[in-house]
Amino acid sequence: MKRILALILAFAMLAALSAQAEEAAPLSGTTLPEGITAAADLDGDGASEKISWAMVPEDEYTAYLTLTVQPAGGEPIAFKTDIQSFGTVYILDLDGDGALEALLTGDAMSDDYITYCLHYSGGELHEVLFPDCGRGDNGDGYHKWGYGLITGITGNLVVLEGSQDMLGTWMATRMVKLTPYERFEFCDNGLWELKVSDPAEIDELWQYRALTVSTPIAYAGAGGSASGILQKGDRILVYATDKDSRAWFMTMDGTRGVLSLSRNYESWGWLVDGVPESECFEYIPYAD
């Protein structure tokens, strides 16, 4: 982690100097600040391209993150995303093949975060496909962007965090990896998981996102806890789900369990052990 921070700091210093220099600053393996033009051999052919990004206005209310690549002696190539705010661009060699990937991540609208991965080859920018990790039902297709904000990169592994609607709306993570087939695949346990380590944030989750049980609910054991029954007044925090039939929870005293779920086809939402979720909990904090 210290090495990554040192690289980021070193690159930030180089980028600041490049604004006053004729040549773009060299870039490899870190974030690219907005408005800075850097030099990088994106396709591994030995020649550097100039690369930069900016929030380009669409109208007086909206701007979109747009990446621009200019090959030596060539015309600039622009790639416009749907990202409207909180944009970050990473330039790095994820899979160690000598070519660099451009990862563009940010908010498309109203806390719906997305991530693009671009390859530059043959004088063009190509989108790398992501598996379906969006909101709603599980899917087995691929999309031109991954649903979620990048919250971690290790080797060729990328952690995406986006909101899911499962007994409330909450931020959950999945991990994907770049494969030799030039697309990403899931490389985790198949669950959307809550990842929080800050004690203050955990306290806030218990305050604003915990569910208060309003009727007895049977659950299966998890994490070493035995099966049991949640009682009226118990408070739980859902921390993982398969978005299909199960949700993992914890109680304030550390008890962990798994709720049995199914789609409520007569109304919106879920059935918990056959009972509508609205009858199981006093209030469920879904986003509008």
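This write-up is about the structure you can find in this document.

## Overview of the overall build of the protein
- Check the secondary structure of the protein and you find three helices and 26 strands.
- A total of 288 residues make up the protein; the buried ones form 43% of that total.
- Put simply, 41% of the contacts in the protein that link residues at least 6 apart link residues at least 24 apart.
- Summing over all exposed atoms, the protein offers an accessible surface of approximately 15000 Å²; the carbon and sulfur share of this is 51%.

## Regarding the side chain of T81
- Checked against the element boundaries, T81 lands in the loop between strand 6 (77-80) and strand 7 (85-92).
- One polar contact links the side chain of T81 to the main-chain carbonyl oxygen of L65, over a distance of 2.8 Å.
- A distance of 3.0 Å separates a polar side-chain atom of T81 from the backbone nitrogen of I83.
- If we skip the residues at most four places from it in the chain, T81 touches Y64, L65, L104 and Y116.

## Brief notes about the nonpolar core
- Counting 71 residues, the largest nonpolar core has L67, L103, L104, L167, F184, L259 and F281 as the members making the most contacts within it.
- Among residues more than four places away in sequence, those in contact with L259 are L167, I217, A218, Y219, L230, I236, S245, R246, A247, F249, V272 and F281.

## A few points about the environment of N156
- In this structure, N156 sits in the loop between strand 14 (149-154) and strand 15 (157-165).
- Sequence-distant contacts of N156, defined by excluding residues within four places in its chain, comprise L94, D95, V176, K177 and L178.

## Digging into unusual backbone geometry
- A positive phi angle, near 55°, is found at L167, a position not held by glycine.
- With respect to the helices and strands, L167 occurs in the loop between strand 15 and strand 16 (169-178).
- Residue class for L167 comes out buried when judged on its relative accessible area of 0%.
- With a phi close to 55°, K243 is a non-glycine residue in the positive phi region.
- Looking at the element boundaries, K243 is found in the loop between strand 22 (235-241) and strand 23 (246-251).

## A short note on the pairing of strand 20 (residues 217-221)
- Note: strand 20 against strand 21 (residues 228-230), three bridges, orientation antiparallel. Across the sheet, A218 pairs through a bridge with I229, a residue of strand 21.
- Between strand 20 and strand 21, which follow one another and run antiparallel, lie six residues, and G223 among them has a positive phi close to 60°.
- As judged from the two bridges shared by strand 20 and strand 24 (residues 256-263), these two strands associate in the antiparallel manner. By the bridge assignment, G221 is partnered in strand 24 with G257.

## Remarks on the pattern of salt bridges
- Scanning the model with the defined rule gives nine salt bridges in all.
- Residue E58 pairs with K80 through a salt bridge whose shortest N-O separation is 2.9 Å. Linking E58 in the loop between strand 4 (49-57) and strand 5 (63-70) with K80 in strand 6, this pair joins segments that are 22 residues apart in sequence.
- Note that K195 and E193 form a salt bridge whose closest N and O atoms lie 4.0 Å from each other.
- Several salt bridges share partner residues, and in doing so they unite D112, R135 and D165 into one network.

## Examining a negative patch on the surface
- On the surface, a cluster of negative charge is made up of D198, E201, D203 and E204.
- Positionally, D198 belongs in the loop between strand 18 (192-193) and helix 2 (199-208).

## Let's talk about the side chain of T241
- When you line up the elements, T241 lands in strand 22.
- The class of T241 is buried, set by a relative accessible area of 0%.
- For T241, the side chain forms a polar contact with the main-chain nitrogen of K243, separated by 2.9 Å.
- The residues touching T241, leaving out its near neighbours within four places in the chain, are M166, W170, L191, W192, R246, A247 and W248.

## What to know about the pairing of strand 14
- Both strand 14 and strand 15 contribute to a ladder of five bridges, which runs antiparallel. From the neighbouring strand, G152 faces strand 15, where its bridge partner is V159.
- Linkage of strand 14 to strand 15, two consecutive antiparallel strands, is achieved through a turn of two residues, within which G155 is found at a positive phi near 60°.

Criteria and cut-off values
Residues numbered from 1 in each chain as written. Predicted model: local features only at pLDDT ≥ 70, side-chain atom pairs only at ≥ 80, totals over all residues. Heavy atoms only, no water. Helix = DSSP H or I, 4+ residues; strand = E, 2+ residues; numbered from the N terminus. Buried < 20%, exposed > 50% of the residue type's maximum accessible area, 1.4 Å probe, protein only. Contact = heavy atoms within 4.5 Å. Areas by Shrake-Rupley, 256 points an atom, 1.4 Å probe, with all protein chains shown as cover. Polar contact = N/O pair within 3.5 Å; in protein donor to acceptor, adjacent residues only side chain to side chain. Core = buried A, V, L, I, M, F, W, Y, C linked by side-chain atoms within 4.5 Å. Pairing = 2+ DSSP bridges. Salt bridge = Lys/Arg side-chain N within 4 Å of Asp/Glu carboxyl O. Patch = residues over 30% accessible without salt bridge, like charges linked within 9 Å, V, L, I, M, F, W, Y side chains within 5 Å. Lys, Arg positive; Asp, Glu negative; His and termini not counted. Charge placed at Lys NZ, Arg CZ, Asp CG, Glu CD.

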